[in-house]
Amino acid sequence: QQKVQQSPESLIVPEGGMASLNCTSSDRNVDYFWWYRQHSGKSPKMLMSIFSNGEKEEGRFTVHLNKASLHTSLHIRDSQPSDSALYLCAAIASSGSWQLIFGSGTQLTVMP
Amino acid sequence: EAGVTQSPRYAVLQEGQAVSFWCDPISGHDTLYWYQQPRDQGPQLLVYFRDEAVIDNSQLPSDRFSAVRPKGTNSTLKIQSAKQGDTATYLCASSFGTEQFFGPGTRLTVL
């Protein structure tokens, strides 16, 4: 059973639209979340991290975290074709081995 | 600052053949990770080291896979007898702290 679940599996949005991606951990020990972006044929690159309840914004990207429900979401406004990629959510339990557990990802396609 | 480097970038094998992957982490990073990423899935941790010590190799298929990091810098991951199910991209990552930096990966195809 995967400890980090992402939804949807795939998402298509028009250029200029808003993309919303979800991630939930089933491990109650998880307390840190990362979002990585992986373009086709490339390695994952860290996009944003969030450790505290609430919201964090960087440019067009906003991340929310609800620690009580272990749910995080990534929102991309004014989506661009260059945002088309696999978005990976990863979680760590700081009380454990500090291993990153990745979800299966959301494949985002932004249509021009 | 140089990133994580890996070689080779691609490998194509017949079942039963052996292959080795090499990783050079970012200088100063004490922790090194090997992940397996099947197509259209997230990376799955195989093994990780802190300096030269193996911290967790519980996800490494020990009958065919081995990994070493003898001087706490570069690392080698070896598959002794590859199977078709090993077809995936093998990613190396390094860290000093919580953020992991990934190399470009080795894309392995086992025919």
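Residues numbered from 1 in each chain as written. Chains lettered and ligands numbered in written order. Predicted model: local features only at pLDDT ≥ 70, side-chain atom pairs only at ≥ 80, totals over all residues. Heavy atoms only, no water.

1. Examining the interface of chain B and chain A
Here is step 1: Across the contact, 19 residues belong to chain B and 16 residues belong to chain A.
Here is step 2: Along the contact surface separating chain B from chain A lie zero salt bridges.
Here is step 3: Applying the counting criterion to the chain B and chain A interface returns four residue pairs in polar contact (both at pLDDT 80 or more).
Here is step 4: Listed by contribution, the elements that provide at least two residues to the side of chain B that touches chain A are β4 (31-37) and β5 (44-50) of chain B.
Here is step 5: Looking at the side of chain B that touches chain A element by element, the count peaks at three residues for β4(B). (Contact = heavy atoms within 4.5 Å. Salt bridge = Lys/Arg side-chain N within 4 Å of Asp/Glu carboxyl O. Polar contact = N/O pair within 3.5 Å; in protein donor to acceptor, adjacent residues only side chain to side chain. Helix = DSSP H or I, 4+ residues; strand = E, 2+ residues; numbered from the N terminus.)

2. Brief notes about the side chain of A:Q38
Residue and element names in this part refer to chain A.
Here is step 1: Within the secondary structure layout, Q38 lies in strand β4 (residues 32-38).
Here is step 2: The buried category is assigned to Q38, whose relative accessible area is 9%.
Here is step 3: Within the structure, Q38 has its side chain in polar contact with the backbone oxygen of K42 (distance 2.9 Å). (Buried < 20%, exposed > 50% of the residue type's maximum accessible area, 1.4 Å probe, protein only.)

3. Quick word on the pairing of strand β2 (residues 10-13) of chain B
All names here are of chain B.
Here is step 1: Only one face of β2 is covered, namely the one carrying A11 and L13; the face carrying Y10 and V12 has none of its residues buried.
Here is step 2: Examined bridge by bridge, β2 and strand β11 (residues 106-110) share four bridges and lie parallel to one another. Across the sheet, residue Y10 finds its bridge partner in β11, namely R107. (Pairing = 2+ DSSP bridges.)

4. A short note on the sheet that holds strand β8 (residues 71-76) of chain A
Residue and element names in this part refer to chain A.
Here is step 1: In spatial order, the strands read β1-β3-β8-β7-β6; together these five strands make up an open sheet with antiparallel pairing. Of all the strands in the sheet, just β1 (4-7) and β6 (54-58) have a single pairing partner and so form its edges. Taken pair by pair, the neighbouring strands of this sheet meet at an average axis angle of 15 degrees, ignoring direction.
Here is step 2: Where strand β7 (residues 61-66) lies against β8, six bridges are found, and the strand directions are antiparallel. The residue bridging F61 from the neighbouring strand is I76, located in β8. (Axes fitted to C-alpha atoms, helices over the stretch in contact; angles between N-to-C directions.)

5. Examining the layout of surface pockets
Here is step 1: There is about 580 Å³ of room inside the largest pocket.
Here is step 2: Looking at the largest pocket, it is lined by 25 residues, and the ones nearest its centre are A:S40, A:G41, B:R39, B:T89 and B:R107.
Here is step 3: Taken together, the elements giving at least two residues each to the lining of the largest pocket come down to β9 (85-92) of chain A together with β9 (88-95) and β11 of chain B.
Here is step 4: Broken down by element, the lining of the largest pocket gets its largest block of residues, four residues, from β11(B).
Here is step 5: Of the residues assigned to the lining of the largest pocket, the class counts are seven nonpolar, 13 polar and five charged.
Here is step 6: Among the elements of the structure, β10 (101-102) of chain A together with β5 of chain B are those that each provide at least two residues to the lining of the second largest pocket.
Here is step 7: In terms of residues, the lining of the second largest pocket owes the most to one element, β5(B), which gives three residues.
Here is step 8: Partitioned by chemical class, the residues of the lining of the second largest pocket number six nonpolar, nine polar and two charged. (1 Å grid on protein atoms, 1.4 Å probe; cavity = no way out; pocket = protein on both sides within 12 Å on 5 of 7 lines; lining within 4 Å. Points joined across faces, edges and corners; volume = space filled by probe spheres on them. Nonpolar A, V, L, I, M, F, W, Y, C, P; charged D, E, K, R; others polar.)

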